[in-house]
Amino acid sequence: MPSKRKKTNKPTGLPRGKRKAGAAPPRGPRAPRRAKGVPERLKKLSRLLKDGRPRSRLETLTIQRHDLEPAHGRGFYWDEDEARRNVAFFGLLKHWRAEWAGRPLSLEPWQEQCLIAPLFGWKRQSDGTRRFRKAYFEIPRKNGKTITSAGLALQGLVADNEPGAEVYSAATKREQALYCFEDAKMIMGDALRRLTRV
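It should be emphasised that the depicted structure is a prediction, and the values quoted were computed from it without experimental measurement.

Enquirer: Which residues make up the environment of Thr62, and what values do they have?
Expert: Here Thr62 lies in helix α2 (residues 57-64). The class of Thr62 is partly exposed, set by a relative accessible area of 21%. Between the alpha carbons of Thr62 and Cys114 there is a distance of 6.8 Å; along the sequence they are 52 residues apart. A polar atom in the side chain of Thr62 sits 2.8 Å from the backbone oxygen of Leu58.

Written as structure tokens, this is what we have:
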């Protein structure tokens, strides 16, 4: 005959909301993980702020607003691999004018950190598309506006994984719009020409 246990009213668990020390936290929504590559990117941004180059207040704010970690709580994430891939794309391009003709195109640190990397590195958590759909750059004369725009146009045309991609160059005058188009034709390096048939 099985023995009968005496029932007690003694509580067997801990009161709600309290856990034993060292116990695993309760399951719930995961906290966003630290984005891969964030520490290196933050170091580059910090170096850019301390490089001694004259900059406007707006450029300083642009650098400071790279909220690589807090943005994860707002539905965005930083894709360092995508940022690097798009920065590296510019290495496939070649200068074609004056004394730089034939040399690989290399971005200045401010171009990489303030223009290219943020444009392509930020993604939406909901669908993985880019955070920024439009970009507006104001850059003084002789700072590579046209060649940077031509590089972005080529990137969108041949390296953005979009079938049937179309890129347009617009300006107030046809001749002005042709500057970007001509640069895009001329800056394609041999490596990029071999990879594509543009």
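Now, onward.
Enquirer: Give a description of the pattern of salt bridges that names residues and reports values.
Expert: Under the counting rule described, the total for this entry stands at 14 salt bridges. Of the charged contacts, one joins Glu112 and Lys44 as a salt bridge, the two residues approaching to 3.6 Å between their closest N and O atoms. Of this pair, Glu112 sits in helix α4 (residues 109-121) while Lys44 is found in helix α1 (residues 38-49), placing the two residues 68 residues apart along the sequence. Taking the relative accessible area as the measure of exposure, Glu112 reaches 16% and is therefore buried. The shortest N-O distance in the salt bridge between Glu82 and Arg85 comes to 2.8 Å. Note that Glu82 and Arg85 are positioned in helix α3 (residues 80-89) at a spacing of 3 residues, about one turn of the helix. Classification of Glu82 as buried rests on a relative accessible area of 18%. Residue class for Arg85 comes out partly exposed when judged on its relative accessible area of 34%.

Enquirer: Can you break down the packing of aromatic side chains residue by residue, with the values?
Expert: Inspection of the entire model under this criterion finds 2 aromatic pairs. Taken together, a centroid distance of 5.3 Å and an interplanar angle of 75° make the contact between Trp78 and Trp122 edge-to-face. Within this pair, whereas Trp78 is found in strand β1 (residues 76-78), its partner Trp122 is found in strand β2 (residues 122-124), the two being separated by 44 residues in sequence. A single burial state applies to Trp78 and to Trp122, both of which are buried. A cation over an aromatic ring shows up here: Arg131 above the ring of Phe76, its NZ or CZ 4.3 Å from the ring centre. The residue whose ring lies beneath Arg131 is Trp122, and the NZ or CZ to ring-centre distance is 4.8 Å.

Cut-offs used in this document
- Residues numbered from 1 in each chain as written.
- Predicted model: local features only at pLDDT ≥ 70, side-chain atom pairs only at ≥ 80, totals over all residues.
- Heavy atoms only, no water.
- Helix = DSSP H or I, 4+ residues; strand = E, 2+ residues; numbered from the N terminus.
- Buried < 20%, exposed > 50% of the residue type's maximum accessible area, 1.4 Å probe, protein only.
- Polar contact = N/O pair within 3.5 Å; in protein donor to acceptor, adjacent residues only side chain to side chain.
- Salt bridge = Lys/Arg side-chain N within 4 Å of Asp/Glu carboxyl O.
- Phe/Tyr/Trp six-rings, centres within 6.5 Å; stacked < 30°, edge-to-face > 60°.
- Lys NZ or Arg CZ within 6 Å of the ring centre and 35° of its normal.

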